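A closer look at the structure
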Amino acid sequence: MRCVTPRLAKWTTFICSITLMAVLFMFYSTTVPGSLSAKAEVDYAKDRSVSTKGRLDSADVELIQSARMAMAGESSKTVVPADVQQFASQKKITCIGKHSKSNQESIAILTPISNIENRLEHYFKMIYSLTYPHHLISVILGEDSSRDNTVRKTRELIQLYNCSFHKVALYQFQHSFYLSDKWSIVHAREHQLQRRSHLAKARNELVTRGLQKEAWALWIDSDVTQIPPDLIQKLLSAKKDIVVPSCLWRDSAGKEHIYDRNTWRETNESNKFLKMVDRNYLMMEGYAPSKRIYLPKLKSEGNVVKLDGVGGCVLLIRGIHHKRGLIFPPFVFDHHIETEGLAKMAKAMDINIYGMPFVEVFHS
């Protein structure tokens, strides 16, 4: 059948155009947004056999998909069923709804993960507690070398939390690495060049694959156990391109100690020492008395202070710098590697580094 006839070309073309627009509108108005369709997620749940106790089953997946449409207001004809409301209430997870344009900037939370099956639920709850608008937050995880059920658990939690952020995604990397399950071996000085080179490669791949149009990259380690709900707002308030908070840990008596010894300021003594050593010498903190000043010791200078080194507990970087080549060196760069190497590279690129000693996060 032809829409256009010689005598009624104008009218038939107009009518065909209106009809086509109506068909397209009906198609898009009935399409469920998200990374997977409801059927695909149910099929995934069945294929992965995740109906065992403590995991999401296919019914949960269907409820999540219903909530994704109904609670987020994706369709004006959709009514929220009672069981969906009850499910969302029990899980205490709310889908983001429609929102107007905001002057606030988008954030990509980037987290490398490995063998953290037992910490994943706490991690997601912690990220969910952030008060920065969730529709501006993407949560991107990069996994490699896991020997437990980290990948399966992560995918289950992504299904649960995906509608609560702009995006939640998992990337799996192929470069495997394993030293030991013992903390003392993993953190032994003789293994740090190899270990931190691997971490740097994982971070760089996470940037390449995960950071897209977001204005900021917010690095949060999977071992971080406590962050203030307004963490993002506090870090952005510094109005600096690279900024870190103090990273502490609590002992069994509740006493607080400095955890992140990679966040520091150089001193005359440390600079003098670095000029004396071989160009390939790898400088690392925490293995001998330090010649530097750690961030928590700089409170007397104010809320925002200059630094020369940064750690990765929590680290905010303006995204454009990653796009322009700022990486985590997997090799010795100016006597440093990984996060501290990034700090030295930033300095070489005329990017200043700052810390906020009164903003505190806690590591396990």
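This text gives an overview of the structure that appears in the document. This one's a predicted model, so the numbers in the text were calculated from it and none came from an experiment.

1. Describing helix H8 (residues 192-210)
For H8, which comprises 19 residues, the first-to-last C-alpha distance of 26 Å matches the rise-based estimate of 27 Å (1.5 Å per residue) to within 8%. Turning to H8, its buried residues are Gln192, Arg195, Arg196, Ser197, His198, Ala200, Ala202, Arg203, Asn204, Leu206, Val207 and Gly210.

2. So, the pattern of salt bridges
As enumerated under the stated definition, the model contains 17 salt bridges in all. Asp223 serves as the salt-bridge partner of Arg119, at 2.7 Å between the closest nitrogen and oxygen. Of this pair, Arg119 sits in the loop between strand E1 (107-113) and helix H5 (120-128) while Asp223 sits in the loop between strand E4 (216-220) and strand E5 (224-226), placing them 104 residues apart in sequence. The exposure class assigned to Asp223 is partly exposed, which follows from its relative accessible area of 25%. Residue Arg203 pairs with Glu338 through a salt bridge whose shortest N-O separation is 2.7 Å. Pair noted here: Arg203 is in helix H8 and Glu338 is in helix H12 (residues 338-348), with a separation of 135 residues, a long-range link. Like Arg203, the residue Glu338 is buried in the burial classification. Residues joined in a network through salt bridges with shared partners are Arg196, Arg203, Asp221, Glu338 and Glu340.

3. With respect to unusual backbone geometry
Phi is positive for His335, which is not a glycine, with a value near 75°. You can see His335 is positioned in the loop between helix H11 (319-323) and H12. The class for His335 is buried, based on a relative accessible area of 8%. Not every positive phi belongs to a glycine, and Asp350 is a case in point at roughly 65°. Assessed through its relative accessible area of 70%, Asp350 is described here as exposed.

4. Structural notes on the packing of aromatic side chains
In this structure the tally under the stated criterion is five aromatic pairs. Ring centres of Tyr123 and Phe124 lie 5.5 Å apart, and the angle between their planes is 90°; on these two criteria the pair is classed as edge-to-face. Neither residue differs from the other here; Tyr123 and Phe124 are each classed as buried. Through a chain of ring-to-ring contacts, three or more aromatic side chains come together here, namely Tyr123, Phe124, Tyr128 and Tyr161. Between the NZ or CZ atom of Lys240 and the centre of the ring of Tyr354, over which it lies, the distance is 4.3 Å. The ring of Phe273 is capped by Lys291, whose NZ or CZ atom sits 4.6 Å from the centre of that ring.

Conventions used here
- In this convention, every chain numbers its residues from 1, walking through the sequence in written order.
- At least 70 in pLDDT is required for a residue's local features to be given in this predicted model, at least 80 for side-chain atom pairs to be given and counted, and no such filter applies to totals for whole chains, interfaces and linings, which use all residues.
- Calculation of side-chain values draws on the structure's entire complement of heavy atoms; hydrogens and water are dropped beforehand.
- Each helix corresponds to a stretch of at least 4 residues labelled H or I by DSSP, and each strand to a stretch of at least 2 residues labelled E; elements are numbered beginning at the N terminus.
- The span one expects for a helix is its residue count, reduced by one, times 1.5 Å.
- Relative accessibility decides the category of a residue: with a 1.4 Å probe and only protein chains considered, values under 20% of the type maximum give buried, values over 50% give exposed, and everything between is partly exposed.
- Salt-bridge detection follows one rule: a side-chain nitrogen of Lys or Arg within 4 Å of a carboxyl oxygen of Asp or Glu.
- Each aromatic pair joins two rings of Phe, Tyr and Trp (for Trp, the six-membered one) with centres within 6.5 Å, and gets the label stacked for planes under 30 degrees apart, edge-to-face for over 60, and tilted for any other angle.
- For a lysine, the NZ atom is tested; for an arginine, the CZ atom; a charge sits over a ring if that atom is within 6 Å of the ring centre and within 35 degrees of the ring normal.

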